[in-house]
Amino acid sequence: MMKPDLYLGIDCGTQGTKALLIGDDGTAHGRGYAKHDLIERANGAREQQPQWWVDALRTTVLQAAGNDGAQVKAIGVSGQQHGLVVLDENKEVIRPAKLWNDTETAPQNAELVKLLGGKSEAIRRFGILPLTGYTVSKLLWLREMEPENFARVRHILLPHEYLNFWLTGEIFAEYGDASGTAFFDVRTRGWIGEILDLIDGGTGQLKAALPPLLTVDQIVGKVKADVAAELGLSTDCAVSSGGGDNMMGAIGTGNVREGVVTLSLGTSSTVYSFREAPLQHPDSSVAPFCSSSGGWLPLVCTMNATNVVTQTLHLLGWTVDQIDPTLEDTVPGAEGITFLPFLNGERTPDLPGARGSIVGLNATNFTPANLVRSAIEGVTFGILNGLDLILEGKAATKILVIGGGARSSGWRQMLADATGATIQVPLEEEAGCLGAAIQAMYAFGQQSGRATTFAELTERLVQVDETKSASGRPEFLALYQAARQTYNAVLHDQYPELRLATT
Ligand SMILES: Nc1ncnc2c1ncn2[C@@H]1O[C@H](COP(=O)(O)OP(=O)(O)O)[C@@H](O)[C@H]1O
Ligand SMILES: O=C(CO)[C@@H](O)[C@H](O)COP(=O)(O)O
């Protein structure tokens, strides 16, 4: 019997790496998962060793494709966005990668925005406002805090590009993930050398360290012989350009045409919707990123999501299994408790120095269950403020929800009740992996003369798990609107400098 062609999608998230092996028809042939460590310091530092991602990739590829490696035609890699990986002249990692949720670099981000002429000028000139967490301020931080490491930088990579490099020995960038550096012009799809000149004083060191950019039709290269031997892959196995995890989540939810909305509840919470043309939203919280399927992917990201829920559960000695009964047993608004979930500063709203707070406690409402509900509501209301921005005032009718938090039926129902939209979950839970595998299939098709489109592929391979859909219950809408208004009022009260769009 002929063995089927297989495609491997790898997703290097913050908490762990996942791998998914699929056939031409989208059938899953194997899966893998490995956890990552995280370096966390009270000053907002969030770092990981790139080697940890490589180790996790090895483990998950062997788990997913250990017996079928020779049939894998192409691999796509999805990675947490914005992380800074710096390599020296021998292509060795210089220091741990500062991650998308690192807020230690907030002073450098503020300094950079000033150097660029202020917020409006930065947007006018470069089409993007650097926010704390984007790659660019990590470079300024490195120059100021670790000048000896800065002097050794010869290659600047993002997490997924580092994994592509490990797999192929080639260093390339692609438009989607490059958008999150803030030294990439999303309008013209080219690097912005001028910003890097400001950081290195015009020596040209950083510009020379930028990788060449690939279009989505191109591949990074073939898997190196030693990697192929170790992982049981063929040396003919191609590696597609890959992309940021949100860009791959977009492909994995069919968000490759206008009108589709995806909401991800992972370590971060994100909401995004594909556009044919770049979108310069009046609110700079809307990141004007490119997608990794061609086109653009305006996106809002909050830095505190399942991490806050998990930490609240840990505090109580509870587990995620208790989320659903807890939401069932409590009422919207948690009897007056409001939880601002900024345990690690925040990116949306732009408050990198913010701290979390819980307000409205009294002798009757101060219960473990209300505490858990208020944490989930705080995370939810924050990302729904982002959803309003993405939809530019229009009401959502259908939202595809992905990420670890999407496993909770109670949380899905909360999203449906609070928006009035139908909440759907893709049949393949690991949308980032599926998107990466689909991109690999697309690139392999382009390379081998069997060209297809992302629309055709996703139409065929992305399906909804109808058993997990949730519809808004009208009687809950007003209750959630009131709770969300209270949340926004507390937010503005504590941070009067905000001009966040509220409902
Ligand atoms: N049933 C569940 N209900 C709510 N949250 C869950 C559930 N299962 C897992 N999670 C949360 O999902 C998170 C992991 O999400 P994931 O999307 O894999 O993150 P990342 O991509 O950032 O590594 C964990 O914090 C975990 O607590
Ligand atoms: O910074 C962003 C998006 O701009 C984050 O969404 C990161 O890409 C991390 O993703 P997860 O680990 O939460 O999937």
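Definitions and limits used
Residues numbered from 1 in each chain as written. Chains lettered and ligands numbered in written order. Predicted model: local features only at pLDDT ≥ 70, side-chain atom pairs only at ≥ 80, totals over all residues. Helix = DSSP H or I, 4+ residues; strand = E, 2+ residues; numbered from the N terminus. Rg over C-alpha atoms; globule rule 2.2 N^0.38 Å. Buried ≥ 20, exposed ≤ 12 C-beta atoms within 10 Å, placed from the backbone. Contact = placed C-beta atoms within 7 Å. Axes fitted to C-alpha atoms, helices over the stretch in contact; angles between N-to-C directions. Parallel < 35°, antiparallel > 145°, perpendicular 65-115°, else oblique. Left-handed = near helix turned anticlockwise from the far one by under 90°. UniProt positions renumbered as here; feature names shortened; annotations may be inferred. Pairing = 2+ DSSP bridges. Domains from an automatic or database assignment. Near = placed C-beta within 6 Å. Nonpolar A, V, L, I, M, F, W, Y, C, P; charged D, E, K, R; others polar. Expected span 1.5 Å × (residues − 1). Arc of directions from axis to C-beta. Core = buried A, V, L, I, M, F, W, Y, C linked by C-beta atoms within 7 Å.

Colleague: Got a minute to help me understand the overall build of the chain in this structure?
Modeller: Looking only at helices and strands, one finds 18 helices and 23 strands in the chain. Taken over the C-alpha trace, the chain has a radius of gyration of 22 Å; the compact-globule value for 503 residues is 23 Å, and the two agree within 12%. Oriented by its inertia axes, the alpha-carbon framework of the chain measures out at about 65 × 60 × 40 Å. The buried share of the chain, taken over its 503 residues, is 54%. Of all intrachain contacts in the chain linking residues separated by at least 6 positions in sequence, the fraction that spans at least 24 positions is 73%.

Colleague: Even after reading the chapter, I still don't get the packing of helix H4 (residues 135-145) against helix H8 (residues 193-200), so can you show me in this structure?
Modeller: Helix-helix packing: each pair is described by the crossing angle between the helix axes and the interaxial distance. Running from N to C, H4 and H8 point in directions that differ by 20°, and their axes come no closer than 9 Å. Judged on the interaxial angle alone, H8 and H4 are roughly parallel. Judged by the sense of rotation from one axis to the other, the crossing of H4 with H8 is right-handed. Facing Val-136, Leu-139, Leu-140 and Arg-143 of H4, the residues of H8 in contact are Ile-195, Ile-199 and Asp-200.

Colleague: What is the right way to look at the UniProt feature "binding site: substrate" (unreviewed entry) in the chain in this model?
Modeller: The sites that carry the UniProt feature "binding site: substrate" (unreviewed entry) are, in the present numbering, Gln-81 and His-82. Position of Gln-81 relative to the elements: it lies in the loop between strand S6 (72-79) and strand S7 (85-87). Taking the C-beta count within 10 Å as the criterion, Gln-81 has 29 such neighbours and is therefore assigned buried. Setting aside anything within four residues of it in sequence, one finds Gln-81 in contact with Trp-100, Asp-177, Gly-180, Gly-244, Asp-245 and Asn-246. Looking at the secondary structure, you find His-82 in the loop between S6 and S7.

Colleague: How should I be thinking about the sheet that holds strand S18 (residues 269-272) in this particular structure?
Modeller: Spatially, the 5 strands line up as an open sheet ordered S19-S18-S17-S22-S23, and their pairing is mixed. Strand pairing shows two members of the sheet lacking a second neighbour, strand S19 (299-302) and strand S23 (422-424), which therefore form its edges. When strand polarity is set aside, the average angle formed by the axes of neighbouring strands in this sheet is 20°. With 4 bridges joining them, S18 and S19 adopt antiparallel strand pairing.

Colleague: Please explain the domain arrangement of the chain as it appears in this structure.
Modeller: Accessible area lost upon the coming together of the parts serves often as the stated size of an interface. Entries for the chain in the domain assignment read domain 1 (6-246 + 430-461) and domain 2 (254-425 + 473-503). Computed from C-alpha atoms alone, the centre-to-centre distance between domain 1 and domain 2 is 26 Å. Taken together, the contacts link 34 residues of domain 1 with 30 residues of domain 2. The set of elements that each furnish at least two residues to the side of domain 1 that touches domain 2 consists of helix H3 (119-126), helix H7 (175-178), strand S16 (243-244), helix H16 (431-447) and helix H17 (454-461).

Colleague: How should the pairing of strand S2 (residues 16-23) be read in this particular structure?
Modeller: Remember that side chains alternate between the two faces of the sheet whenever the strand is regular. Counting buried residues along S2, 6 of its 8 residues qualify, which places the element largely inside the surrounding structure. Alignment of strand S1 (residues 6-12) against S2, held across 7 bridges, turns out to be antiparallel. Paired with Leu-8 across the strands is Leu-21, a residue of S2. Where S1 folds back onto S2 in an antiparallel hairpin, the turn is made up of 3 residues. Sheet analysis places S2 next to strand S3 (residues 28-35), joined by 7 bridges and oriented antiparallel. Opposite Leu-21, over in S3, you have Gly-30 as the bridge partner. Counting the residues in the hairpin turn of S2 and S3 gives 4 residues, including Gly-26, whose phi is positive at 90°.

Colleague: When you look at the site of ligand 1 in this model, what are you seeing that I'm missing?
Modeller: Neighbouring ligand 1 are 15 residues; Gly-13, Gln-15, Gly-266, Thr-267 and Gly-404 lie closest to it. In the shell around ligand 1, the residues fall into 2 nonpolar, 12 polar and 1 charged. Residues lining the shell around ligand 1 come from more than one domain, with at least three contributed by each of domain 1 (6-246 + 430-461) and domain 2 (254-425 + 473-503).

Colleague: What exactly am I supposed to notice about helix H18 (residues 474-494) here?
Modeller: For an α-helix the count is 3.6 residues per turn, leaving residues at separations of three or four pointing the same way. With 21 residues, H18 ought to run about 30 Å at 1.5 Å a step, and its terminal C-alpha atoms sit 31 Å apart, in line with that. Buried within H18 are the following residues: Tyr-480, Ala-483, Arg-484, Tyr-487 and Leu-491. Seen end-on, H18 carries its buried residues on one side only, within an arc spanning 105°. Turned more than 90 degrees away from the buried face of H18, the exposed residues are Glu-475, Ala-478, Ala-482, Ala-489 and Asp-493. Those residues of H18 hidden inside the fold are in contact with strand S20 (338-340), helix H14 (368-390) and helix H15 (409-419).

Colleague: Is there a simple way to explain the site of ligand 2 in this structure?
Modeller: The environment of ligand 2 is formed by 16 residues, the closest being Thr-14, Gln-81, Trp-100, Gly-266 and Ser-268. If you count residues domain by domain, the shell around ligand 2 takes at least three from each of domain 1 (6-246 + 430-461) and domain 2 (254-425 + 473-503).

Colleague: Sorry if this is basic, but what is going on with the nonpolar core here?
Modeller: The tendency in soluble globular proteins is for nonpolar side chains to be buried as a group. Of all hydrophobic cores here, the largest spans 151 residues; its most connected members are Leu-8, Ile-10, Ile-75, Val-401, Ala-437 and Ala-440. Considering every element that reaches this core, the biggest residue donor is H16, with 11 residues. Each of domain 1 (6-246 + 430-461) and domain 2 (254-425 + 473-503) gives at least three residues to this core. Filtering out sequence-adjacent residues up to four positions away, Ile-10 remains in contact with Thr-17, Ala-19, Leu-57, Thr-60, Val-61, Ile-75, Val-77, Ser-78, Cys-433 and Ala-436.

Colleague: Is there a simple way to think about the sheet that holds strand S8 (residues 97-98) in this case?
Modeller: Think of a sheet as strands paired side by side through backbone hydrogen bonds, with each pair either parallel or antiparallel. Spatially, the 3 strands line up as an open sheet ordered S4-S5-S8, and their pairing is antiparallel. The sheet is open, and its two borders are formed by strand S4 (39-40) and S8, each paired with just one other strand. Sheet analysis places strand S5 (residues 46-48) next to S8, joined by 2 bridges and oriented antiparallel. Within S8, the position partnered with Gln-48 by the bridge is Ala-97.

Colleague: Please explain the UniProt feature "site: Important for activity" (unreviewed entry) in the chain as it appears in this structure.
Modeller: Within the UniProt annotation, "site: Important for activity" (unreviewed entry) is assigned to Asp-11. Among the secondary structure elements, Asp-11 is positioned in strand S1. For Asp-11, the residues in contact, after removing those within four places along its chain, are Thr-17, Lys-18, Ser-78, Asp-245, Met-248, Glu-430, Gly-432, Cys-433 and Ala-436.

Colleague: What exactly am I supposed to notice about unusual backbone geometry here?
Modeller: The phi angle of most residues is negative, glycine excepted, and most peptide bonds adopt the trans form. Backbone torsion omega between Thr-348 and Pro-349 reads 0°, so that peptide bond is classified as cis. Position of Pro-349 among the secondary structure elements: in the loop between S20 and strand S21 (357-359). The backbone of His-82 shows a phi angle near 75°, a positive value even though the residue is not glycine.

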